[in-house]
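Here's the letter readout for the chains.
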Amino acid sequence: MSEQFSDKGFATRAVRAGHQRTNEGEHAEPIFPTSSFVFDSAEQAAARFGGDEPGNIYSRFTNPTVRTFETRLAQLEGGESCVATASGMSAILSTFMSLCVSGDHIVSSRSIFGTTRVLFDKYLSRFGLHTDYVPLTDIAAWEQAIKPNTKMLFLETPSNPLNEIADLAALSALAKKHGCLLVVDNCFCTPALQLPLQLGADIVIHSATKYLDGQGRCIGGAVIGDAQTVGEEVYGFLRTAGPTMSAFNAWTFLKGLETLEIRMQTHSASAMHLAQWLSAHPKVNQVFYAGLPTHPQHLLAKRQQSAFGGIIAFEVKGGREAAWKTINATQWLSITANLGDTKTTITHPATTTHGRVSPEDRLASGITDGLIRLSVGLESVADIQAELQRGLDLA
Ligand SMILES: *Cc1c(COP(=O)(O)O)cnc(C)c1O
């Protein structure tokens, strides 16, 4: 039933893949809020528990609503298997706990979500997993950091907040050459704009909390890859350790996927408009957006992504004071660190998302005191521009 859509266009898969209609003939996907499932007989219960007969047992293992979301997202990313998780962080945790053993080594981009870095450095390190960090765009540095025990290469592209772009084809060739797995957190682009598996990555990770929901409602995550690595190994950890997605959240994310492509196109078009306007603004030093021809990886982004996404960073003249003035002068942009919402959000990375990083490390990774990050929402772009204009006039 769901396989019939795997050869269809992205938007068709996003709307229709994965739903197996019940005897009620429902048109929209139903929610199954049930912890367990019943069996016709003791024999059937034994067969299900023994793995001789497929079917539901318990919602920590499988749930029909969650499975619909997993099937749909797998078909959007072009992967064989998807497992849904309770959050983006538990997707990352489940991937590393299931596929690594004590003594393994990880090479990670240094430009990753702050909490992911805490997970690697404070927690996974306790179990004998050591992580080294490299600049996202420096392929030679990636190769140099790989050791005989390196199991995973991990990155996000575009990076947060500066929109650096990793060359996924080059890094997947490197991973194959050295026998490690390339793991890509595809949060910023989503499969609507970028397909890491097609470029040779082994595993894609999502924080569904961001663009997959797209309306700032639920926390969730996902891991996508081949049937053995993800469908068996990551799934095996998940059903045992338990950070599974709830049926209600899966249903909310399904509704998000249906509009993912048109939302990402509008986020990208509005971000492009604002990036061009900001680059010409006299109070702005620099704009970091891969859609601008002046961006160092513009051509790579153009090759690898179908649009440039909804996140912009820009540096105002006058450091922290000017940045705070700009942010405080907005009347309805949301001052919050979340992103990927219909509502535009505005953040000062140096004192929020990157506030715990030492000033030296922060500057080394380009997070200056004048930097502002914008997650461009779906409001009228002229209104967003007017909000920023008011602040920049004061800065
Ligand atoms: C938010 C985020 C995460 C963590 O996701 P949660 O759903 O908040 O657990 C991981 N990676 C990136 C890039 C993110 O933006």
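A quick note: this is a predicted structure, and the numbers were derived from the prediction, not measured.

1. Focus: the environment of Ser279
Point 1. As for its position among the elements, Ser279 is in helix α11 (residues 260-279).
Point 2. When the C-alpha positions of Ser279 and Ser36 are compared, they lie 56 Å apart, and in sequence the two are 243 residues distant.
Point 3. When near neighbours in sequence (up to four residues on either side) are disregarded, Ser279 contacts Val287 and Leu292.

2. Looking at the sheet that holds strand β12 (residues 371-375)
Point 1. Ordered by their spatial adjacency, five strands build an open sheet running β8-β9-β12-β11-β10, and the pairing between neighbours is mixed. The strands lining the two open edges of the sheet, one partner per strand, are β8 (284-288) and β10 (334-335).
Point 2. Of the strands in this sheet, β8, β9 (311-316) and β12 touch α11, which is tilted by about 15° from β9.

3. Thoughts on the pairing of strand β2 (residues 105-109)
Point 1. With five of its five residues buried, β2 lies for the most part within the structure.
Point 2. The alternating pattern of β2 places His105, Val107 and Ser109 on one face and Ile106 and Ser108 on the opposite face, and all of these are buried.
Point 3. Two elements, β2 and strand β3 (residues 130-134), share five bridges in a ladder whose sense is parallel. Residue Val107 lies in a different strand from β3, and its bridge partner there is Asp132.
Point 4. As judged from the four bridges shared by β2 and strand β4 (residues 150-156), these two strands associate in the parallel manner. Note on β4: the bridge partner recorded for Ile106 is Met152.

4. A short note on the nonpolar core
If you look at soluble globular proteins, the nonpolar side chains tend to sit buried side by side.
Point 1. Counting residues in hydrophobic clusters, the biggest one holds 32 residues, and the most contacted among them are Phe69, Leu73, Ile224, Met245, Leu257 and Leu260.
Point 2. If you list the elements that add at least two residues to this core, you get α1 (10-16), α3 (64-77), β1 (81-85), α8 (190-193), β7 (221-225), α10 (247-258) and α11.
Point 3. Broken down by element, this core gets its largest block of residues, five residues, from α3.
Point 4. Among the domains, domain 1 (3-258) and domain 2 (260-393) are the pair contributing at least three residues each to this core.
Point 5. Setting aside its immediate chain neighbours within four residues, Leu260 contacts Phe10, Thr190, Pro191, Ala192, Tyr211 and Leu212.

5. With respect to the packing of helix α4 (residues 88-99) against helix α5 (residues 114-123)
Point 1. Closest axis-to-axis distance for the α4/α5 pair is 10 Å, and the angle between their directions is 30°. By the angle between their axes, α4 is roughly parallel relative to α5. For the pair α4 and α5, the crossing hand works out as right-handed. Residue-level inspection shows Met89, Ile92, Leu93 and Phe96 of α4 in contact with α5, the latter providing Thr115, Thr116, Leu119 and Phe120.
Point 2. For the contact of α4 with α5, the class distribution of residues is six nonpolar, two polar and no charged.

Calculation criteria
For every chain, the first residue of the written sequence is number 1, and numbering continues from 1 along that sequence. The model is predicted, so local features are restricted to residues of pLDDT at least 70 and side-chain atom pairs to those at 80 or more, both for listing and for counting; the totals for chains, interfaces and linings are taken over all residues. Side-chain numbers here rest on the full set of heavy atoms in the structure, without hydrogens or water. The secondary structure listing takes helices from DSSP runs of H or I that are at least 4 residues long and strands from runs of E that are at least 2 residues long, numbered from the N terminus. Only heavy atoms enter the contact rule, under which two residues are in contact if any of them lie within 4.5 Å. When DSSP finds two or more bridges between two strands, those strands count as paired. All axes are obtained by fitting lines to C-alpha atoms, using only the stretch in contact for helices, and the reported angles, taken between N-to-C directions, cover 0 to 180 degrees. Throughout, exposure labels follow a simple rule: accessible area from a 1.4 Å probe, protein chains only, divided by the maximum for the residue type, with under 20% read as buried, over 50% as exposed, and the rest as partly exposed. Among the buried residues, those of types Ala, Val, Leu, Ile, Met, Phe, Trp, Tyr and Cys that are joined through side-chain atoms within 4.5 Å form a nonpolar core. Marked domain ranges trace back to an automatic or database domain assignment. Small angles under 35 degrees read as roughly parallel and large ones over 145 as roughly antiparallel, with 65 to 115 read as roughly perpendicular and the rest as oblique. Helix crossings get a hand from a simple test, with the near helix turned counterclockwise from the far one by less than a right angle marking a left-handed crossing and a clockwise turn marking a right-handed one. Just so you know the grouping, Ala, Val, Leu, Ile, Met, Phe, Trp, Tyr, Cys and Pro go in nonpolar, Asp, Glu, Lys and Arg go in charged, and all remaining residues, Gly too, go in polar.

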